[in-house]
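# Notes for the structure review
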Amino acid sequence: MRKIDKSPEPESLTKFKVRNKENDWSLIHNAQNKSVYDECLLQCEVDQNNLCGYTEVKLESGVHIDHFVKRSIDPLLTFDWQNMIAAVHDSRFGADFKDSIVNVDYYDKQRHKYKVVLNPVADALKNRFRYSTNGEIEPVSNNDTDAGETIRVFNLNDSSLCQRRKCAMEAARCLLQQMSGEEVLQYMADAEFPSAIEYEVSANK
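About the thresholds
- The residue numbers shown here count from 1 along each chain, following its written sequence.
- Note on the predicted model: pLDDT of at least 70 is required for a residue's local features to be given, and 80 or more for side-chain atom pairs to be given and counted; whole-chain, interface and lining totals, by contrast, use all residues.
- Only hydrogens and water are set aside; all other atoms, that is, all heavy atoms of the structure, feed into the side-chain values.
- Think of it this way: any DSSP run of H or I at least four residues long counts as a helix, any run of E at least two long counts as a strand, and we number them from the N terminus.
- We take the radius of gyration over the C-alpha atoms and set the globule estimate at 2.2 Å times the residue count to the 0.38 power.
- Only protein chains enter the area calculation, which uses a 1.4 Å probe; residues under 20% of their type maximum are buried, those over 50% are exposed, and those in between are partly exposed.
- The contact criterion used throughout is that any non-hydrogen atoms of two residues lie within 4.5 Å.
- As used here, the term nonpolar core means buried Ala, Val, Leu, Ile, Met, Phe, Trp, Tyr and Cys residues forming a set that is joined through side-chain atoms within 4.5 Å.
- Two rings from Phe, Tyr or Trp (for Trp, the six-membered ring) form a pair when their centres sit within 6.5 Å of each other. Planes less than 30 degrees apart are called stacked, planes more than 60 degrees apart edge-to-face, and all others tilted.
- As a reminder, the over-ring test applies to NZ of lysine and CZ of arginine, requiring each to be within 6 Å of the ring centre and within 35 degrees of the ring normal.

### Concerning the overall build of the protein chain
Along the protein chain, the regular secondary structure elements total 7 helices and 6 strands. Written out in order from the N terminus, the α and β elements of the protein chain read α-α-β-β-α-β-β-β-β-α-α-α-α. Taken over C-alpha atoms, the radius of gyration comes to 18 Å for the protein chain, in line with the 17 Å a tight globule of 205 residues would show. If you line up the protein chain on its principal axes, its C-alpha atoms span 55 × 35 × 25 Å. Per-residue burial for the protein chain yields a buried fraction of 47% across its 205 residues. Considering only contacts in the protein chain between residues 6 or more positions apart, those separated by 24 or more positions represent 65%.

### A short note on the nonpolar core
General note: in soluble globular proteins, nonpolar side chains tend to be found buried as a group. Membership of the largest hydrophobic core comes to 58 residues, with the highest contact counts inside it found for Leu13, Ile28, Tyr54, Phe68, Tyr114 and Phe154. Discounting residues that sit within four places of it in the chain, leucine 13 has contacts with Ile28, Val36, Cys40, Phe79, Trp81 and Met84.

### Focus on the packing of aromatic side chains
Under the counting rule described, the total for this entry stands at 8 aromatic pairs. Ring centres of phenylalanine 68 and tyrosine 114 lie 5.2 Å apart, and the angle between their planes is 65 degrees; on these two criteria the pair is classed as edge-to-face. Here the residue phenylalanine 68 occupies a position in the loop between strand 1 (63–67) and strand 2 (84–88), and tyrosine 114 occupies one in strand 4 (residues 113–114), the gap between them amounting to 46 residues. Judged by centre distance (5.6 Å) and plane angle (65 degrees), the ring pair of tyrosine 131 and tyrosine 199 falls under edge-to-face. Here tyrosine 199 lies in helix 7 (residues 194–203) and tyrosine 131 lies in strand 5 (residues 129–131), a separation of 68 residues in the sequence. Tyrosine 199 sits in the partly exposed class, given a relative accessible area of 30%. Taken together, the ring pairs connect Tyr54, Phe68, Tyr107, Tyr114 and Phe154 into an aromatic cluster. Here lysine 6 stacks its cationic end above the ring of tryptophan 81, 3.6 Å away from the centre of that ring.

Rendered as structure tokens:
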């Protein structure tokens with residue numbers, strides 16, 4: 001997981017919220033407003049370099065707007081641009097796995113955020129995670145309970161994610177035999193798992 005720098009809210013979403021005061025997500029999917037949803041999803045994809053906001057896999061199929069804070073937990077955040085993240089649909093990890101675990105007990109109503117789960121839009125993520133050669137992710141500090149819980153809630157050590165992450169790291173390692181670290185990062189700029197690749201490059205300086 002890496003920090004997402006959100007662009008300004010799409011103008012179409014701003015106008016939509018002026019017209020619609022209800023926290024009803026289905027409204028953005030009807031024929032009249034579908035273009036609003038499509039524009040929001042596209043901007044999320046651009047902001048995230050076409051990577052899932054939680055797992056860093058390519059956004060290729062089953063892509064949707066996920067609400068980091070579930071609508072059922074805080075309906076007031078339904079159309080909050082900062083709460084929208086492009087993600088893949090997969091019950092094994094990521095957004096779907098998160099939604100199967102988190103509940104109201106995770107939520108701080110006064111601060112409008114989860115208590116122990118890192119938010120890729122709002123929280124500082126740099127130097128919070130490290131990666132093993134087998135592709136597993138773990139907190140840099142054993143005392144970083146938020147990082148550890150984030151890995152669990154999104155199931156970031158799912159075996160398929162670890163295998164794909166491992167392949168990305170191995171590719172970076174091979175390239176480092178012929179290129180500088182900066183050249184490797186440029187060459188793999190559009191690859192999956194940039195955080196793991198950056199970690200691998202840094203570890204082999």
